[in-house]
Amino acid sequence: MSKISSLLVVTLVVSGFVFQNLAQQFAPWAKLSSDAPKEISARKYPVPSKDDVGIPPYPGAVISSVSAPSTDTMKYQQEVLPFINLVTSDLSSNVINFYKKTLTKDKGWNYSEEYKTFVKGSPGSSLTGFVPSVAIRDESGENFDLSYVDPNIKSKLKTRIVITYKISEKK
């Protein structure tokens with residue numbers, strides 16, 4: 001009976017860690033098609049937590065890709081920020097409205113209507129990869145990072161959200 005109790009305790013502890021990790025993950029991955037390879041190397045990259053990103057995910061959006069772990073950014077003389085790509089079947093106007101309510105000027109965010117991009121700080125620096133930003137783009141479902149995504153999901157996608165973030169220091 002003691003072995004069963006010990007096994008039960010270990011199982012509960014491990015499942016608690018797994019559940020906590022899933023609860024904190026930034027967003028879920030896009031569902032793969034049934035004929036997708038078992039191992040997709042890009043899906044082995046660590047998915048940041050909501051706390052790490054510090055920018056909320058668009059509700060219902062799923063991850064299509066994340067940046068590889070940074071190993072050499074010194075050639076740029078400054079840190080190239082990590083990014084996460086989300087996709088959704090919602091219209092870009094809905095996504096923009098969500099972020100207009102969330103990423104406000106009083107929090108240091110600026111929005112460029114021309115580029116459909118929110119930038120933390122000066123709008124002119126949004127295309128560099130060196131400042132936090134949220135770029136909203138139309139999505140056709142034909143991007144490379146969607147190659148193995150379930151066709152029923154891929155065919156409904158309308159918007160891509162590219163979030164470039166500085167890992168939050170408020171842990």
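Residues numbered from 1 in each chain as written. Predicted model: local features only at pLDDT ≥ 70, side-chain atom pairs only at ≥ 80, totals over all residues. Heavy atoms only, no water.

1. Focus: the overall build of the protein chain
Short version of the rule: A run of DSSP states H or I qualifies as a helix once it reaches four residues; a run of E qualifies as a strand once it reaches two. Both are numbered from the N-terminal end. Partly exposed describes any residue whose relative accessible area lies between the buried limit of under 20% and the exposed limit of over 50%, with all areas from a 1.4 Å probe on protein chains only and scaled to the type maximum. Pairs of residues are marked as contacts when any of their non-hydrogen atoms sit within 4.5 Å. Residue exposure ignores everything except the shown protein chains as possible cover, and the areas themselves are Shrake-Rupley values with a 1.4 Å probe.
Secondary structure assignment for the protein chain yields 4 helices and 6 strands. When the helices and strands of the protein chain are placed in sequence order, the string is α-α-β-β-α-β-β-β-α-β. With 171 residues in all, the protein chain has 37% of them scored as buried. In the protein chain, of all internal contacts separated by at least 6 residues, the share reaching a separation of at least 24 is 62%. Per element, the accessible surface of the protein chain, about 10,900 Å² overall, is 58% carbon and sulfur.

2. A short note on the pairing of strand β1 (residues 62-66)
For the record, the criterion: Criterion used throughout: strands pair if DSSP finds at least two bridges between them.
In terms of burial, β1 is largely enclosed, as 5 of its 5 residues are buried. Relative to strand β2 (residues 83-88), β1 runs antiparallel, the two being bridged by 4 bridges. Opposite Ile63, over in β2, you have Leu86 as the bridge partner.

3. What about the confidence of the model for the protein chain?
In low-pLDDT segments, the atomic positions of the prediction should not be examined closely. For clarity, the cut-off: pLDDT measures how confident the predictor is about each residue, on a scale from 0 to 100.
Model confidence for the protein chain is summarised by a mean pLDDT of 83, while 74% of its residues fall at 70 or above. Across the protein chain, the element-wise mean pLDDT spans from 48 in helix α1 (residues 2-24) up to 98 in helix α3 (residues 92-102). Considering only residues more than four positions removed or in separate chains, one finds that residues 7-23, a stretch of pLDDT under 50, has 0 contacts.

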